[in-house]
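The lines below spell out each chain.
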Amino acid sequence: MELSDRDKDFGRSPANSRGRGRKLFDDPVRFERRAGLPEDYCRRIASAVIEIGGVGPGDLIVEIGPGAGQVGQWIEAPIRYLGLDLSSEMLREFKERSTDSPDSRVLVQTDANEYWPLKNGVARVIFSSRALHLLDHEHVTSEVFRIAAPTGATLIIARVEREPGSMRARMAQEMHERLRRRGFEGRRAERHNPKLFQSCQRRGALMLEPVEIARWKVSASPRQSLDSWRSLTGLGGIALPAAIQNEILLELEAWSLEMFGGLDQEFESEETYVLRPLRVPPVQET
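So, here's what we can say about the structure.

Quick notes on the rules
- Residues numbered from 1 in each chain as written.
- Predicted model: local features only at pLDDT ≥ 70, side-chain atom pairs only at ≥ 80, totals over all residues.
- Heavy atoms only, no water.
- Helix = DSSP H or I, 4+ residues; strand = E, 2+ residues; numbered from the N terminus.
- Buried < 20%, exposed > 50% of the residue type's maximum accessible area, 1.4 Å probe, protein only.
- Contact = heavy atoms within 4.5 Å.
- Areas by Shrake-Rupley, 256 points an atom, 1.4 Å probe, with all protein chains shown as cover.
- Salt bridge = Lys/Arg side-chain N within 4 Å of Asp/Glu carboxyl O.
- Pairing = 2+ DSSP bridges.
- Core = buried A, V, L, I, M, F, W, Y, C linked by side-chain atoms within 4.5 Å.
- Polar contact = N/O pair within 3.5 Å; in protein donor to acceptor, adjacent residues only side chain to side chain.
- Expected span 1.5 Å × (residues − 1).
- Arc of directions from axis to C-beta.
- Axes fitted to C-alpha atoms, helices over the stretch in contact; angles between N-to-C directions.
- Parallel < 35°, antiparallel > 145°, perpendicular 65-115°, else oblique.
- Left-handed = near helix turned anticlockwise from the far one by under 90°.
- Nonpolar A, V, L, I, M, F, W, Y, C, P; charged D, E, K, R; others polar.

Across its full length, the protein chain holds eight helices and eight strands. Looking at the protein chain residue by residue over its 286 residues, the buried ones come to 52%. If you take every contact in the protein chain between residues at least 6 apart in sequence, the share linking residues at least 24 apart comes to 81%. Accessible surface, the protein chain as shown: approximately 13,600 Å² in total, 47% of it carbon and sulfur.

Now for the pattern of salt bridges. Close approach of charged atoms allows side chains of opposite charge to pair. Applying the stated rule across the entire model yields 21 salt bridges. Linking Arg 44 and Asp 40 is a salt bridge whose minimum nitrogen-to-oxygen distance equals 2.7 Å. Of this pair, Arg 44 and Asp 40 are both found in helix H2 (residues 39–52), four residues apart, which corresponds to roughly one turn of the helix. The residue Glu 143 makes a salt bridge to Arg 146 at a minimum N-O spacing of 3.0 Å. Taken together, the positions of Glu 143 and Arg 146, both in helix H4 (residues 137–147) and three residues apart, correspond to about one turn of that helix. The exposure class of Glu 143 is buried, given its relative accessible area of 7%. One continuous salt-bridge network, built from bridges that share partners, spans Glu 174, Arg 178, Arg 182, Glu 247 and Glu 251.

Within strand E1 (residues 60–64), five of the five residues are buried, leaving the element largely enclosed by the surrounding structure. In E1, alternate side chains face the same way, and those of Leu 60, Val 62 and Ile 64 on one face and Ile 61 and Glu 63 on the other are all buried. Across five bridges, the pairing between E1 and strand E2 (residues 80–85) is parallel. Bridge pairing in E2 places Ile 61 opposite Tyr 81. Summarising the sheet, E1 and strand E4 (residues 125–129) pair through three bridges and their orientation is parallel. The residue bridging Ile 61 from the neighbouring strand is Val 125, located in E4.

A separate point is the nonpolar core. Grouped together as the largest cluster of nonpolar side chains are 30 residues, with contacts concentrated most on Val 62, Ile 64, Trp 116, Leu 118 and Ile 126. Those elements that provide at least two residues to this core are E1, E2, strand E3 (105–109), H4, strand E5 (153–162), helix H6 (189–202) and strand E8 (267–280). Looking at which element gives the most residues to this core, the answer is H4, with four residues.

So, about the side chain of His 137. By secondary structure assignment, the location of His 137 is in helix H4. Contact partners of His 137, with chain neighbours within four places excluded, come to His 192, Lys 195, Leu 196 and Ser 199.

With that settled, consider the environment of Thr 141. Structurally, the position occupied by Thr 141 is in helix H4. Between the C-alpha atoms of Thr 141 and Gln 198, which are 57 residues apart in sequence, the distance is 9.6 Å. Beyond its immediate chain neighbours, meaning those up to four positions away, Thr 141 contacts Leu 196, Ser 199, Cys 200 and Arg 203. Polar contacts involving the side chain of Thr 141 include one to the side chain of Ser 199, which spans 2.8 Å.

Moving on, we get to unusual backbone geometry. With omega at 15°, the peptide bond leading from Ala 77 into Pro 78 counts as cis. Here Pro 78 shows up in the loop between E1 and E2. A positive phi angle, near 60°, is found at Arg 130, a position not held by glycine. Among the secondary structure elements, Arg 130 is positioned in the loop between E4 and H4.

Turning our eyes to something else, we now look at helix H8 (residues 242–260). Taking 1.5 Å of rise per residue, the 19 residues of H8 would be expected to cover 27 Å, and the 26 Å separating its terminal C-alpha atoms lies within 8% of that figure. Of all the residues in H8, the buried ones are Gln 245, Ile 248, Leu 249, Leu 252, Trp 255, Ser 256 and Phe 260. Buried positions in H8, seen along its axis, are confined to an arc of 125° and lie on one side of it. Seen from the buried face of H8, the exposed residues on the opposite side, beyond 90 degrees, are Ala 243 and Glu 258. The secondary structure elements touched by the buried residues of H8 are helix H5 (167–181), helix H7 (222–230) and E8. Once H8 finishes, Gly 261 follows within two positions and takes phi at roughly 80°, a positive value.

So, about the packing of H5 against H8. Each packed pair of helices is defined by two parameters, the angle between the axes and the distance between the axes. In contact at an axis separation of 11 Å, H5 and H8 are set at 140° when each is read in the N-to-C sense. Judged on the interaxial angle alone, H8 and H5 are oblique. In the packing of H5 onto H8, the handedness of the crossing is right-handed. Touching Met 167, Arg 170, Met 171, Glu 174, Met 175, Arg 178 and Leu 179 of H5 are Ile 248, Glu 251, Leu 252, Trp 255, Ser 256, Met 259 and Phe 260, all from H8. Grouping the constituent residues of the contact of H5 with H8 by class yields nine nonpolar, one polar and four charged.

In structure tokens form, the structure reads like this:
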């Protein structure tokens, strides 16, 4: 596997990481209960990533923030796979699902807001699902272009997109507004990802057509959103003092009662899982 020389000791055993703040996603069971996708969708995502990226035997796919391997477990030999994640607990769960391809799949614990432990020019695809908005977009751009194969590569950013006027979207918007009032800036994919796209385009990347993987109906209540946020250490993708988090959640509970007429009334909306790819151009010979 194309780990950089100074980081070959990472290997398949999680190494220490200078994480930025407390980890927000350290419980695989709780995370997948909250944000998991059906197996069929995950298989489709893996197949689409391979197809969009034009990945062939021996090519390397790097996933940033693979978690417990919902998608990564379906990327198998002869394709090579490397996953970078901050959470050792998530990677431990992923490893238990990865007994079939021990030689073609490597998992590394590291902070992706720092140097990615790969040699230059080794990746055919850099893929991330619902994680890159938590990172500095200029740093991600630099690392993507550094590890991209000289013959060209593809950055594929995936997320679940909600109807803007849905109950869940309105609650998330209100939560981020209350963070801002207290001087915190949450990490919102709909705001952060365009900055990453623009940063990559300034360096020559070409936006490709988005690919819709799945669309589904959800029925959810305000209480479910509140309970989900209470299970996290932080809000909006950032760590918070417990007192401030509790204060915001109490305010959101009162706001939800007034806005929706109760906490247990369920509202139906549509969600879509979308891949947004950018083609990183080949290195120009001089």
